[in-house]
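Listed below are the residues making up each chain.
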Amino acid sequence: MTTSRPEPGSAEAPRAFAPLAGIRVLELGNYIAAPTAGRLLADFGAEVIKVERPGTGDELRNWRLYEGSTSMLYRTVNRNKKSVVLDLRSETGRALVLELVEHCDILLENFRPGTLERWGLGPEVLSAANPDLIITRLSAYGQTGPMSDRPGFAAVAEAVGGFRELVGDPDRPPVRVGISIGDSIAGLYAAFGSMMLLFQRERSQGAPAPLAERVVDVALNEAIFSMMESLIPDYEAYGVRRTRTGGRMEGIAPSNAYVCAGGGSIVIAGNGDSIFARLMQIIGRPDLAADPALASNAGRWERRDELDAAIGVWTATLPPAEALAVLDQAGVPSGPIYTAEDICADPQYTARHMIQKFDVSTGERTIPGVGFPGIVPVLGEASLPVRSLGPDLGEHTAEVCRNLLGKSEEEIRAILRTAQGVTA
């Protein structure tokens with residue numbers, strides 16, 4: 001069993017505050033999207049029971065696995081949860097899910113549309129077991145429409161949602177950002193949708209809402225699409241086809257990464273009108289500050305190459321820290337480009353308890369003081385404490401069956417035997 005505890009000497013954690021205490025969530029999801037929604041709910045006090053398949057569990061356990069049998073990625077995404085092993089393809093597993101549903105407020109799932117229905121666990125069946133249940137479903141393209149039955153991960157959703165086309169340099173093929181941003185945004189929407197319906201349920205205090213009003217349908221491609229700002233109206237109204245702009249943002253200048261002395265880079269966002277004037281004074285180009293053609297973003301965007309070149313000449317004369325000090329004194333938004341090492345050493349993250357230390361067992365050894373990201377948003381002055389890291393596979397199967405479902409020890413042993421690879 002993996003044990004995780006705050007490292008002695010870590011930043012002082014704020015008091016535990018659990019606004020979702022008393023809410024219970026059944027998570028049937030794998031990978032990142034639905035588990036992200038579950039993590040958000042668990043972070044703020046909901047009891048999240050994560051159902052995993054026998055033997056392997058959530059495939060995320062093996063993603064970026066450097067040692068042992070459970071990755072740090074899994075430990076991060078599935079923090080503050082309980083792990084129960086059930087085989088949803090078996091009658092026993094399905095029956096136990098329906099028993100669990102009776103005690104839950106929200107069910108999360110991100111199977112391919114139609115999968116739960118084939119297993120006899122569709123919304124109608126779940127609703128019959130608990131007429132108050134909120135059912136939150138995440139999938140590549142949603143539960144309806146001509147593409148609903150197609151499989152798809154976030155990589156595809158990011159492309160179909162319009163995001164991938166805008167990432168990278170204009171003279172190269174589109175690239176992907178270094179995290180599964182499509183899954184994470186979908187998870188945010190799933191948690192938000194779940195909370196909206198939970199709020200509506202609590203406010204109504206009456207008869208259960210119709211099933212259609214208790215289902216949250218999150219499509220990964222739509223989650224990404226919703227973040228694309230004015231991509232569509234700009235095209236529909238003016239025929240504008242946005243293209244990749246590298247480190248820039250379409251129509252906003254100057255805003256980019258600039259190389260400093262010694263090879264390091266910093267980001268400078270000098271695109272506000274008054275900020276631009278101050279920036280030009282700093283870099284020794286008062287002529288650009290006084291140029292009426294550069295008084296607005298539109299004009300600066302037309303001459304973005306010229307402006308980036310001028311700023312780059314200045315940054316090349318100073319190390320990153322010195323350039324940032326000058327910019328900060330002048331009130332020009334700027335910042336370093338952080339690595340993981342930089343984040344761990346930054347006093348701002350430390351002050352807000354955004355790096356929380358745990359001892360982590362890999363099964364073969366214990367790694368002391370591993371930093372994990374804190375809880376966002378902050379309630380109070382700093383991140384709430386992470387209660388526990390993502391659990392070992394099936395760690396809470398017996399506990400949940402005993403304490404929540406009231407199963408006898410003999411029944412629990414039979415359930416554990418059914419969950420292959422898990423022993424009593």
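This text gives an overview of the structure that appears in the document.

Rules behind the numbers
Residues numbered from 1 in each chain as written. Predicted model: local features only at pLDDT ≥ 70, side-chain atom pairs only at ≥ 80, totals over all residues. Heavy atoms only, no water. Pairing = 2+ DSSP bridges. Helix = DSSP H or I, 4+ residues; strand = E, 2+ residues; numbered from the N terminus. Axes fitted to C-alpha atoms, helices over the stretch in contact; angles between N-to-C directions. Salt bridge = Lys/Arg side-chain N within 4 Å of Asp/Glu carboxyl O. Buried < 20%, exposed > 50% of the residue type's maximum accessible area, 1.4 Å probe, protein only. Right-handed = clockwise from strand over helix to strand, strands pointing away. Disulfide = S-S within 2.5 Å. Core = buried A, V, L, I, M, F, W, Y, C linked by side-chain atoms within 4.5 Å. Contact = heavy atoms within 4.5 Å. Parallel < 35°, antiparallel > 145°, perpendicular 65-115°, else oblique. Left-handed = near helix turned anticlockwise from the far one by under 90°.

### Describing the sheet that holds strand β7 (residues 255-259)
Moving on, step 1. If you walk across this open sheet you meet the 3 strands as β7-β8-β9, and the pairing is antiparallel. Two strands bound the open sheet, and with one partner strand each, they are β7 and β9 (334-336). Adjacent strand axes in the sheet meet at a mean angle of 25°, parallel and antiparallel pairs treated alike.
Moving on, step 2. Direction of pairing for β7 relative to strand β8 (residues 265-269): antiparallel, over a ladder of 5 bridges.

### Brief notes about the pattern of salt bridges
Moving on, step 1. This structure, assessed with the given rule, holds 26 salt bridges.
Moving on, step 2. For Glu306, the salt bridge is made with Arg303, and the minimal N-O distance between the two is 2.9 Å.
Moving on, step 3. Where salt bridges share partners, they join Arg24, Glu47, Lys82 and Glu399 into one cluster.

### Considering the pairing of strand β2 (residues 47-52)
Every other side chain in a regular strand lies on the same face of the sheet, so the side chains alternate between the two faces.
Moving on, step 1. The buried count for β2 comes to 5 of 6 residues, which makes it a mostly enclosed element.
Moving on, step 2. Between the parallel elements strand β1 (residues 24-27) and β2, the chain passes through helix α1 (residues 33-43) in a crossover that is right-handed.
Moving on, step 3. After leaving β2, the chain enters helix α2 (residues 72-77) and then returns to the sheet as strand β3 (residues 81-85), a path that is right-handed.

### Some details on the state of the cysteines
Moving on, step 1. Enumeration over the complete set of coordinates arrives at 0 disulfides.
Moving on, step 2. We note that Cys104 lacks a disulfide partner, and the nearest cysteine sulfur, in Cys401, lies 12 Å from it.

### As for the nonpolar core
Moving on, step 1. Val25, Leu41, Ala46, Ile106 and Leu138 are the most contacted members of the largest nonpolar core, which totals 36 residues.
Moving on, step 2. Take this core: its biggest share by element is 6 residues, from α1.
Moving on, step 3. In contact with Ile106, not counting residues within four places along its chain, are Ile23, Arg24, Val25, Leu26, Leu41, Leu133, Ile134, Thr136 and Ser194.
Moving on, step 4. Counting 27 residues, the second largest nonpolar core, distinct from the first, contains Leu28, Val97, Leu121 and Ile412.

### Some thoughts on unusual backbone geometry
Moving on, step 1. Cis geometry is adopted by the peptide bond preceding Pro254, which originates at Ala253 and carries an omega value of -5°.
Moving on, step 2. Within the secondary structure, Pro254 sits in the loop between α9 (231-238) and β7.
Moving on, step 3. The step from Val376 to Pro377 runs through a cis peptide bond, and the omega angle for that step is 5°.
Moving on, step 4. Position of Pro377 among the secondary structure elements: in the loop between β11 (366-373) and α17 (397-403).
Moving on, step 5. Positive phi, normally seen in glycine, also occurs at Asn80, with a value near 65°.
Moving on, step 6. Along the chain, Asn80 turns up in the loop between α2 and β3.
Moving on, step 7. Exposure remark for Asn80: the relative accessible area of 5% places this residue in the buried category.
Moving on, step 8. The residue Glu229 is not glycine, and still its phi comes out positive at about 50°.

### Regarding the packing of α1 against helix α7 (residues 181-204)
Moving on, step 1. With their axes 7 Å apart at the nearest point, α1 and α7 run at an angle of 50° to one another. Relative to α7, the element α1 is oriented oblique. Pair α1 / α7 crosses with right-handed handedness. Here Ala33, Thr36, Ala37, Leu40 and Leu41 of α1 lie close against α7, whose contacting residues are Asp183, Ser184, Gly187, Leu188, Ala190, Ala191 and Met195.

### What about the pairing of strand β4 (residues 106-109)?
Moving on, step 1. Both faces of β4 are covered, namely the face carrying Ile106 and Leu108 and the face carrying Leu107 and Glu109.
Moving on, step 2. Pairing between β1 and β4: 3 bridges, direction parallel. Within the sheet, the bridge partner assigned to Leu26 lies in β4 and is Leu107.
Moving on, step 3. Here β4 pairs with strand β5 (residues 134-139) via 4 bridges, running parallel. Across the sheet, the residue bridging to Glu109 is Arg137, located in β5.

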